[in-house]
Amino acid sequence: MSTGTPIRVMVVDDHPMWREGVARDLTEAGYAVVATTGEGRQAVRIAAAARPDVVVLDLQLPDISGVEVIDGLVGRVPGVRVLMLSASGEQQSVLDAVKAGASGYLVKSAAPEEFLEAVRRTAAGDTVFTPGLAGLVLGEYRRLAAVPDPVEDDGTPRLTDRETEVLRLVAKGLSYKQIAERLGLSHRTVQNHVQNTLGKLQLHNRVELTRYAIEQGLDN
């Protein structure tokens, strides 16, 4: 998105008052709400035409699950990012959403400011979780990781020490700005390290990179 272009957001939630409230908050904060709906299948159809940058998605919908909606969105709207906004903070719900391709997960008890910032960060390519859920997701991926060391001589491209250091912080859910501050680097340098790592690992975006990092246990 070019500078000054509003972030395009679609809101999917089956509770009309909640859906309208979220859309209103987004509009008042300067986001462009391009569509709203309360049904999963309709969401997939509408998104193909509305082309949102971010879909704010509830997990429980009357026709299909939020996870099924994510599957449909990924296939029909290339580059779309999904931020789950759900009443459920159950471990399995969170893991299912992330595995399906969600970029982040907030519970509905989040403060409005936290939600609006999460939408901005999601559009920017960050992974965003309600405090406490990031540790849950990272811990579970670490427990399930089949390959404990990503730099064994098994054909996997070897990363530099700095690239690995940046990747560890990506796995912890830090934004580029936070990583730059932590390591004393410029924002641009962090972006360059991430782009180099994506190229080496043949990944396409930060969401895939985060999944790779946590699957390899790099959040230690």
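The rules behind each value
Residues numbered from 1 in each chain as written. Predicted model: local features only at pLDDT ≥ 70, side-chain atom pairs only at ≥ 80, totals over all residues. Heavy atoms only, no water. Helix = DSSP H or I, 4+ residues; strand = E, 2+ residues; numbered from the N terminus. Contact = heavy atoms within 4.5 Å. Areas by Shrake-Rupley, 256 points an atom, 1.4 Å probe, with all protein chains shown as cover. Buried < 20%, exposed > 50% of the residue type's maximum accessible area, 1.4 Å probe, protein only. Core = buried A, V, L, I, M, F, W, Y, C linked by side-chain atoms within 4.5 Å. Axes fitted to C-alpha atoms, helices over the stretch in contact; angles between N-to-C directions. Parallel < 35°, antiparallel > 145°, perpendicular 65-115°, else oblique. Nonpolar A, V, L, I, M, F, W, Y, C, P; charged D, E, K, R; others polar. Pairing = 2+ DSSP bridges. Right-handed = clockwise from strand over helix to strand, strands pointing away. 1 Å grid on protein atoms, 1.4 Å probe; cavity = no way out; pocket = protein on both sides within 12 Å on 5 of 7 lines; lining within 4 Å. Points joined across faces, edges and corners; volume = space filled by probe spheres on them.

Side note on the overall build of the chain
Logical step 1: A tally of regular secondary structure across the chain gives 10 helices and 6 strands.
Logical step 2: Taking contacts inside the chain between residues at least 6 apart in sequence as the whole, the part at least 24 apart equals 66%.
Logical step 3: Roughly 10700 Å² of accessible area belongs to the chain as shown, and the carbon and sulfur atoms make up 49% of that amount.

Structural notes on helix H7 (residues 161–171)
Logical step 1: For H7, every residue scored as buried is listed here: Glu-163, Thr-164, Val-166, Leu-167, Leu-169, Val-170 and Ala-171.
Logical step 2: Two residues or fewer after H7 comes Gly-173, characterised by a positive phi angle close to 90°.

Describing the nonpolar core
Logical step 1: Ranked by size, the top nonpolar core spans 26 residues in total, and within it Leu-57, Val-69, Leu-73 and Met-84 carry the most contacts.
Logical step 2: For Leu-57, the contacting residues outside a window of four places in its chain are Val-12, Gly-66, Val-69, Ile-70, Val-82, Leu-83, Met-84 and Leu-85.
Logical step 3: Core analysis: the second largest hydrophobic core is formed by 20 residues, Leu-159, Leu-169, Ala-171 and Leu-174 among them.

Structural notes on the packing of helix H8 (residues 176–183) against helix H9 (residues 187–201)
Logical step 1: Closest axis-to-axis distance for the H8/H9 pair is 8 Å, and the angle between their directions is 110°. Between H8 and H9, the angle is such that the two are roughly perpendicular. Together, Tyr-176, Lys-177, Ile-179 and Ala-180 of H8 and His-187, Val-190, Gln-191 and Val-194 of H9 make up the contact between the two elements.
Logical step 2: When its residues are assigned to classes, the contact of H8 with H9 shows 5 nonpolar, 2 polar and 1 charged.

Comments concerning the pairing of strand S1 (residues 8–12)
Logical step 1: Most of S1 is tucked away: 4 of the 5 residues are buried.
Logical step 2: Examined bridge by bridge, S1 and strand S2 (residues 32–37) share 5 bridges and lie parallel to one another. Within the sheet, the bridge partner assigned to Val-11 lies in S2 and is Thr-36.
Logical step 3: Chirality of the crossover, the property in question, places the unit of S1, helix H1 (residues 16–28) and S2 among those that are right-handed.
Logical step 4: In this sheet, strand S3 (residues 54–57) lies alongside S1 in parallel orientation, the contact comprising 4 bridges. Residue pairing in the sheet places Met-10 in a bridge with Val-55 of S3.

Considerations on empty space enclosed by the protein
Logical step 1: On inspection of all chains with the given rule, the structure shows 2 cavities of 30 Å³ or more.
Logical step 2: In this model, the second largest cavity occupies a volume close to 30 Å³.
Logical step 3: Lining of the second largest cavity is provided by Val-11, Val-12, Asp-13, Trp-18, Val-22, Val-56, Asp-58, Leu-85 and Lys-108.
Logical step 4: Residue assignment for the lining of the second largest cavity shows that the elements contributing at least two residues are S1 and H1.
Logical step 5: Class assignment for the residues of the lining of the second largest cavity results in 6 nonpolar, no polar and 3 charged.

Quick notes on the sheet that holds strand S4 (residues 81–86)
Logical step 1: Here we have 6 strands laid out as an open sheet, ordered S2-S1-S3-S4-S5-S6, and parallel in their pairing. Single-partner strands in this sheet number two, and they are S2 and strand S6 (128–129).
Logical step 2: Here 4 bridges tie S3 to S4, and the two strands are oriented parallel to one another. By the bridge assignment, Val-54 is partnered in S4 with Arg-81.
Logical step 3: Along the sheet, helix H2 (residues 40–50) makes contact with S1 and S2, crossing S2 at roughly 155°.
Logical step 4: Across the sheet, helix H5 (residues 112–123) lies against S1, S3, S4, strand S5 (104–107) and S6, angled at about 160° from S4, the strand it touches most.

Everything listed here is a matter of coordinates, which is why it stays silent on function.
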